[in-house]
2 protein chains.
Amino acid sequence: MQNIKAYIEENREYYINWLKEFCEIPSVAAQNRGMTESVTYLKELFNEAFDQSPEVLETKGYPVVFSHLKGTEDMTLSFYNHYDVQPEDPVELWDTPPFEPTIIGEQMYARGIADNKGNLIARLAAIHAIKNVTGELPINIKFIFEGEEEIGSVSLPEFSDRYADKIQADGCVWEFGYRDGDHRLQLSLGVKGMLYVELFSRGANTDLHSAQASIVESPVWRLVWALNLLKDENEKILIPGFYDDIIPLTEEDQEMIEHYCLNEDFLLDHLDISNFVNGLEGEKLKVKHIFEPTCNICGIQSGYTGEGSKTVLPSKAFAKVDFRLVPGQDPEKILRDLRNYLDDHGFTDIGIRSFTKEEAARTSPNEQITIAAINTIQASTNEMPNVIPNTPGTGPMFELCQKHGIPAVSFGVGHFASNNHAPNENIFIEDFLEGIKMMASFVFHFKDEMEKREEESYDKAKR
Amino acid sequence: MQNIKAYIEENREYYINWLKEFCEIPSVAAQNRGMTESVTYLKELFNEAFDQSPEVLETKGYPVVFSHLKGTEDMTLSFYNHYDVQPEDPVELWDTPPFEPTIIGEQMYARGIADNKGNLIARLAAIHAIKNVTGELPINIKFIFEGEEEIGSVSLPEFSDRYADKIQADGCVWEFGYRDGDHRLQLSLGVKGMLYVELFSRGANTDLHSAQASIVESPVWRLVWALNLLKDENEKILIPGFYDDIIPLTEEDQEMIEHYCLNEDFLLDHLDISNFVNGLEGEKLKVKHIFEPTCNICGIQSGYTGEGSKTVLPSKAFAKVDFRLVPGQDPEKILRDLRNYLDDHGFTDIGIRSFTKEEAARTSPNEQITIAAINTIQASTNEMPNVIPNTPGTGPMFELCQKHGIPAVSFGVGHFASNNHAPNENIFIEDFLEGIKMMASFVFHFKDEMEKREEESYDKAKR
C-alpha cells in the first residue's frame, strides 16, 4: 500500500484537477442542466484513467454510467455514486460562484463537491492509482453512477430490476461519507427512506385584492390548515398508521446507538441554535436522529413575497414536504394514507404531487464489508470510526443493494459542515486526498475479509 | 353642464393621454421606484392644467402633492387620491407590460390604472374642464395626492395632524370607485381599517440538508403552527378579544345592507369558484363582506420553491398577513393582543414586523356629500347607485377625514373586474370619460346641496 499512497500523493494536483473539472459542470437534475455534459465528461475520464469506455445505460430519466473493470480474483466490489447535484439556490448566500470550484484556505467550495462529486472522483482515483502502481486490480470493480439521486432516483428501481445481473456484487461502497466535528470518520450502515410530496391548493382564477378575502376562500389558508394536520408541535406525525409498520429496534441497534457519537455542543454552536427539537439530548436525541422518521417542509410559497407590504389574496399556494422513513415504512402506503387523511378532514381540495418514494435500508455490522471498512479506517486514522446504524439521510440503497442481497457501507471525503444541499458546500482538500488513499486501502481489506470468509466456509464444509 | 360635457368629449384624446403618461411611471412605493418622477409629472400637469404649481408637502416618507384652487363660493370640496401603485409582480401573468399602458378593445391595461391613477386623472380633468369652459371654479377645490397609500399611508396620520387647517373641507371625494358586473355604479360611504404584519421565524444559521430535520427545529413548521393559531377553518379569528370592540350594526346599516347588491352568480362565475367562504350566500354573505373583519395571508415563503424536489431544512420563513378591521377595532391594540397571544402559546420565537395600521371609517348616508353623489349618479346613469356602507377595502379615511369631521364618499372609474393589486389591471375607456363628466357634474350637485343646508340652517335660525 505504501507505494500506492506515495503515487496518490505525487499525483495530488492531477486528482484535484479531475475534481475541479467535474464540479464546473452544473449538473442539476431537478432543472435538467448539465446532465449530458456530465455523462460526456465521465466517459472521457474513464477512457483517460482506464483505457476503457464505460457503458451508458439508458433509463426512463437520466442514464446510469456503468463500468466493470476486471480484477485478478473472482470477487466484486461496487461503488455507487451520483453525478447530479442539488440546485444551487439560494445563490445569493454563496460566498463563491457555486459552479466555479474555489479553494479558500484548506477547503474547496462548489455545489456538489461533498454531495457527491468528491467521493465519486476519490473512488475513481483510488482504483486508477492501484491499477497504475500494481498494473492490475486485485478484485473486480464496478462503478454505478446515476444521475437522479437528488430527484429521488426515480428510474433506479426499474434499472435495478433490469440489470440485476450486471450490478451484482459482494459488497457496495455507498455514495457518501463524512467526518464528525472532531475529525473522526463516520461509517454508515444504512439510509432512511423517503416520501417527497408537493401539496398544492388553488383558489380564484387570479390573485385578488385582499379585501376580497372576506368572502373568497384562500388557497394559502387551506394549505396552512392542511399542513397543520400533518405534525404537532411535539414533532408527532399525525397521519393515522404512520408509525405502525416500523420495525422495532434490535439489541444490536441499541448497542450501536450507545457507541454512536453525536457531539451536541459542537453542533449547537456550529448551527447557532440553543437547543434541539423538543429540548432532546443524549440517548433520546441520538435515537430521534437515527431511528425516527421525519416530516419536514422543504419549501412553501404563495402570494407576495417581495419587500414591504402588498395586500393580495393569492390564487394558489404550494408546499414541498419530505418524510424521511425508517425500516418497515412503505412510502406508497404512506402516500395513500396521507391522501385519505386529508380527505377525511375535508381537504379534498388539496392536491398531492409525489416525487421520491424510497424505502429505508440497513447493513449488518457483522458483514465482511463492514469489518473491512472498520479495519481500513482504524489502520488509516488510528481510531475506531463513529459507526452509525443508518444515516439520517436517504438514498436508493434498498433498490440497488438490499433487494439484491448486497451489503453496503458508506464512508468518504465530506465533513460535518460540508453544507450539503446548502450554500457554500465544501470539503477539505486533505480529506479528499486521504479519502483516495483510504479507498485504495479498503479494496485490499475487503479482499482479505472476503477470503477469510471463504476459508471459513471451506473449513466448515471440510469438518 | 352640457357645454362642459361637450368640452370633455372634444378633449377625450387629450385626457386619455394624461392617463397614459401617468401610468407609464412605475411608482411602486413598496420598492421606491418612480416616486420622484411621479411628483415631477404631477407638478408639470398642474402647471399645464391650472397655471398654478401645487405644493409638495414633505412627510417622513413620500411627499403629498397638494393644491388649493380658489372658487367663487366659500365652500370647499377636496379630492383624496394617491400616485403610488402596487408592485406589478407576478409580472409573468400580465398579458401586456404593466407600465406600458395598452388599449385592447374597450379597455386600457396598466398597473395602477384603476387603483388609483384613472380616478386621480379623471378628477383633475373634471376640474380642468369646468375651469376652461366657465372661466372659474364654483367652489374651492383641494387636491390631496399622497404617495404611500399602497404601503399603508404610514406618514399620513402625522401629515393630517400637522396640516389639519390646510386639508379642512366640507366634504371629500375618496380615491376609488367601481361599477358592478351589471355596470351599475357603486357609491361607498366608508372603508375598513387594517393591521398589516409580517411574521418571521429563524432556525439554524444556514439552510441544512433535510435529514437534519430529525433534530434541528424548523422555522417554517414554527410559522405554520403559529399561523394556524390565528384563524380556524370556519374563518373565526382566534386572537383573544379580537371581536370585542366592534361597534354593533345600526338599523341604518341593516337597511343599507339590504339594498346593497352583491351579484353572487356573476362573481362566482367570474372568479371560477364554486362557492364563497363557509358556503355563505345572501344577507349573510353581504354582512360578512362589508361588516366583518378578515385575517388574510398575503404571502408566505420559505426554503426551496423551484422546480422538482429539493430536500432542505430552511433556515428562515416569513408570512405577510393583513387584517381588515371594522369600526371600533384599534390596530395598535390588536397588534399587542397578537404578540401576547403568540407568546402565551409558546411562540415567543416568532417575530412580528408591523406595517399598515389604520382604523375603519364611515360616512352617514344623510350627509350632503352623500346626497349630492346619489343625485349626480342618478342624473348621469338613470339609476340609483349601489350604495355600500363601507367598502371591504382600506384607506386612511379615518386619519384624513373622519378625525377632522370631514364626510367622505367614493365613486369613480373602475369596475368589478379591474384587477386591482393583480395582473392585467384595467379600466374601460368610456368609464374614464364618463367618470370625468360625472365628477364635473358632482361639483355643482355638491354646491347645491351645501347651499340647501345653509338655507335650512338660516331658516331654522330665523324661526
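The name given to chain A in an unreviewed UniProt entry is Acetylornithine deacetylase/Succinyl-diaminopimelate desuccinylase, with Lentibacillus halodurans as the source organism.

Enquirer: Which parts of the structure should I look at to understand the overall build of chain A?
Expert: Looking only at helices and strands, one finds 13 helices and 19 strands in chain A. Its C-alpha radius of gyration of 23 Å places chain A within 12% of the 23 Å reference for a compact globule of 463 residues. Classification of the 463 residues of chain A by burial places 62% in the buried group. Taken as a whole, chain A presents about 17000 Å² of accessible surface, with 45% of it coming from carbon and sulfur. Measuring between centres, the 42 positive side-chain charges of chain A sit 4 Å from its 77 negative side-chain charges.

Enquirer: Teacher, can you tell me more about the state of the cysteines here?
Expert: Simply put, disulfide is the name for a covalent bond between the sulfur atoms of two cysteines. Residue and element names in this part refer to chain A. The final tally for this structure, using the stated rule, is zero disulfides over all chains. Note on C295: no disulfide assigned, nearest cysteine sulfur contributed by C298 at a separation of 9.5 Å. Residue C295 is classed as buried on the basis of its relative accessible area, which comes to 2%.

Enquirer: Would you mind going over the sheet that holds strand β12 (residues 296-303) of chain A with me for this structure?
Expert: Sheet strands associate in pairs through backbone hydrogen bonding, adopting either a parallel or an antiparallel arrangement. The eight strands lie next to each other as β15(A)-β10(A)-β14(A)-β12(A)-β12(B)-β14(B)-β10(B)-β15(B), forming an open sheet whose pairing is antiparallel. Edge positions in the sheet fall to β15 (351-358) of chain A together with β15 (351-358) of chain B, since each of these pairs with one other strand and no more. In this sheet, adjacent strand axes meet at a mean angle of 15° when their direction is disregarded. Here β12 of chain A pairs with strand β12 (residues 294-303) of chain B via five bridges, running antiparallel. Residue pairing for β12 of chain B: I300 of chain A is matched across the bridge by S302 of chain B. Against the sheet, helix α6 (residues 219-228) of chain B contacts β12 of chain A together with β10 (193-202), β12 and β14 (316-325) of chain B, and its axis sits at roughly 20° relative to β14 of chain B.

Enquirer: Explain a negative patch on the surface here, please?
Expert: Residue and element names in this part refer to chain A. Together, E73, D74, E454, E455, E456 and D459 make up a negatively charged patch on the protein surface. Of all the elements in the fold, those that place two or more residues in the negative patch are β3 (73-82) and α13 (429-462). With respect to the secondary-structure elements, E454 resides in helix α13. We classify E454 as partly exposed; its relative accessible area is 44%.

Enquirer: Hey, could you run me through the domain arrangement of chain A in this one?
Expert: Think of interface size as the accessible area that goes away when the parts come together; that is how it is often given. Residues and elements named next belong to chain A. Domain assignment breaks chain A into domain 1 (2-191 + 361-457) and domain 2 (193-246 + 293-358). Placing a centre on the C-alpha atoms of domain 1 and another on those of domain 2 gives a separation of 35 Å. Across the contact, ten residues belong to domain 1 and six residues belong to domain 2. Carbon and sulfur atoms supply 48% of the area buried between domain 1 and domain 2, which totals about 660 Å² over both sides. For domain 1, the biggest contributors to the area lost against domain 2 are G152, R362 and T394; these three give 56% of the whole. Taken together, the connections running from domain 1 to domain 2 amount to zero salt bridges. In this assembly, domain 1 and domain 2 are joined by three residue pairs in polar contact (both at pLDDT 80 or more). Here the side of domain 1 that touches domain 2 is built from residues that sort into four nonpolar, five polar and one charged.

Enquirer: It is not clear to me how the interface of chain B and chain A should be interpreted in this structure. Could you clarify?
Expert: Between chain B and chain A, the contact holds 85 residues from the first and 86 residues from the second. When chain B packs against chain A, close to 7500 Å² is buried across both sides, 57% of that on carbon and sulfur atoms. On the chain B side of the interface with chain A, the three residues burying the most area are I215, W221 and K310 of chain B, jointly 11% of the side's total. Viewed at the interface, chain A and chain B are joined by zero salt bridges. Summed over the shared surface of chain B and chain A, the result is 39 residue pairs in polar contact (both at pLDDT 80 or more). If one sorts the elements of the side of chain B that touches chain A by residue count, β12 of chain B sits on top with ten residues. Across the side of chain B that touches chain A, the residue classes break down as 39 nonpolar, 29 polar and 17 charged.

Enquirer: What am I meant to see in helix α2 (residues 12-23) of chain B here?
Expert: In an α-helix, one turn spans 3.6 residues; hence positions three or four apart end up facing the same way. All names here are of chain B. With twelve residues, α2 should reach 16 Å at 1.5 Å per residue; the first-to-last C-alpha distance of 17 Å fits that figure. Three or more residues of α2 are buried, namely R12, Y15, I16, W18, L19, F22 and C23. Seen from one end, α2 has its buried residues packed into an arc of 150°, which puts them on one side. Looking at the packing, one finds that the buried side of α2 touches α1 (2-10), α3 (35-50), β5 (107-109), α4 (113-134), β19 (426-428) and α13 (429-462).

Enquirer: Looking at this structure, I do not really get the pairing of strand β6 (residues 139-146) of chain A. What am I missing?
Expert: Each regular strand shows side chains that alternate between the opposite faces of the sheet. Residues and elements named next belong to chain A. Most of β6 sits inside the fold, with eight of its eight residues counted as buried. In the sheet, strand β2 (residues 64-69) pairs with β6 via five bridges, with the strands oriented antiparallel. Each bridged residue has a counterpart across the sheet, and for H68 the counterpart in β6 is K142. Both β3 and β6 contribute to a ladder of eight bridges, which runs parallel. What sits directly across from H82, in β6, is E146.

Enquirer: What's the story with the side chain of Q86 of chain B in this structure? I'm lost.
Expert: All names here are of chain B. Secondary-structure assignment places Q86 in the loop between β3 (73-82) and β4 (102-104). Q86 gets classed as buried once you look at its relative accessible area, which sits at 1%. A distance of 2.9 Å separates the side chain of Q86 from the side chain of E150, its partner in a polar contact.

Enquirer: Honestly, the pairing of β12 of chain A in this entry has me stumped. Any pointers?
Expert: Residue and element names in this part refer to chain A. For β12, the tally of buried residues reaches six of eight residues, placing the bulk of the element in the interior. Across six bridges, the pairing between β12 and strand β14 (residues 316-325) is antiparallel. Opposite S302, over in β14, you have A317 as the bridge partner.

Enquirer: Explanation requested: the relation of the copies chain B and chain A in the structure shown.
Expert: Taken together, a rotation about one axis and a shift along it account for how the two chain copies relate. Between chain B and chain A, the superposition needs a rotation of 180° and an axial shift of 0.0 Å, giving an RMSD of 0.0 Å. Expressed as a symmetry operation, the mapping of one chain copy onto the other fits a two-fold axis. Nearest to the rotation axis, the C-alpha of Q301 of chain B is located 2.3 Å from it, this being the minimum over chain B.

Enquirer: I would appreciate a short explanation of the packing of helix α7 (residues 251-259) of chain A against helix α9 (residues 282-291) of chain A in the present structure.
Expert: For any two helices packed against each other, the geometry is given by the interaxial angle and the distance between the axes. Residue and element names in this part refer to chain A. Put simply, α7 and α9 touch, their axes get as near as 10 Å, and they point 115° apart. The interaxial crossing formed by α7 with α9 has right-handed handedness. Packed against α7, whose contacting residues are D253, I257 and E258, the element α9 presents E283, K286, V287, I290 and F291 at the interface. Considering only residue class, the contact of α7 with α9 consists of four nonpolar, no polar and four charged.

Enquirer: Help me understand the environment of D161 of chain A in this model?
Expert: All names here are of chain A. Position of D161 among the secondary structure elements: in helix α5 (residues 156-162). On the accessibility criterion, D161 (48% relative accessible area) is partly exposed. Each C-alpha atom of the pair D161 and K403 lies 9.4 Å from the other, and the pair is 242 residues apart in sequence.

Enquirer: Explanation requested: helix α4 (residues 113-134) of chain A in the structure shown.
Expert: Of all 22 residues that make up α4 of chain A, 18 are buried, and the element is covered over most of its length. Once α4 of chain A ends, the next one or two residues include G135 of chain A, with phi positive near 80°.

Enquirer: In this structure, what is going on with the packing of α2 of chain B against α4 of chain B? I would like to understand it.
Expert: Residue and element names in this part refer to chain B. As a packed pair, α2 and α4 sit with axes 10 Å apart at the nearest point and diverge in direction by 140°. The element α2 and its partner α4 pack so that their crossing is right-handed. Contact residues: Y14, Y15, W18, L19, F22 and C23 in α2; I113, K117, G118, L120, I121, L124, A125, H128 and A129 in α4. Of the residues contributing to the contact of α2 with α4, the split by class is twelve nonpolar, two polar and one charged.

Cut-off values and rules
Residues numbered from 1 in each chain as written. Chains lettered and ligands numbered in written order. Predicted model: local features only at pLDDT ≥ 70, side-chain atom pairs only at ≥ 80, totals over all residues. Heavy atoms only, no water. Helix = DSSP H or I, 4+ residues; strand = E, 2+ residues; numbered from the N terminus. Rg over C-alpha atoms; globule rule 2.2 N^0.38 Å. Buried < 20%, exposed > 50% of the residue type's maximum accessible area, 1.4 Å probe, protein only. Areas by Shrake-Rupley, 256 points an atom, 1.4 Å probe, with all protein chains shown as cover. Lys, Arg positive; Asp, Glu negative; His and termini not counted. Charge placed at Lys NZ, Arg CZ, Asp CG, Glu CD. Disulfide = S-S within 2.5 Å. Pairing = 2+ DSSP bridges. Axes fitted to C-alpha atoms, helices over the stretch in contact; angles between N-to-C directions. Contact = heavy atoms within 4.5 Å. Patch = residues over 30% accessible without salt bridge, like charges linked within 9 Å, V, L, I, M, F, W, Y side chains within 5 Å. Salt bridge = Lys/Arg side-chain N within 4 Å of Asp/Glu carboxyl O. Domains from an automatic or database assignment. Buried area = accessible area lost by both parts, 1.4 Å probe. Polar contact = N/O pair within 3.5 Å; in protein donor to acceptor, adjacent residues only side chain to side chain. Nonpolar A, V, L, I, M, F, W, Y, C, P; charged D, E, K, R; others polar. Expected span 1.5 Å × (residues − 1). Arc of directions from axis to C-beta. Least-squares fit on C-alpha atoms with pLDDT ≥ 70 in both. Left-handed = near helix turned anticlockwise from the far one by under 90°.

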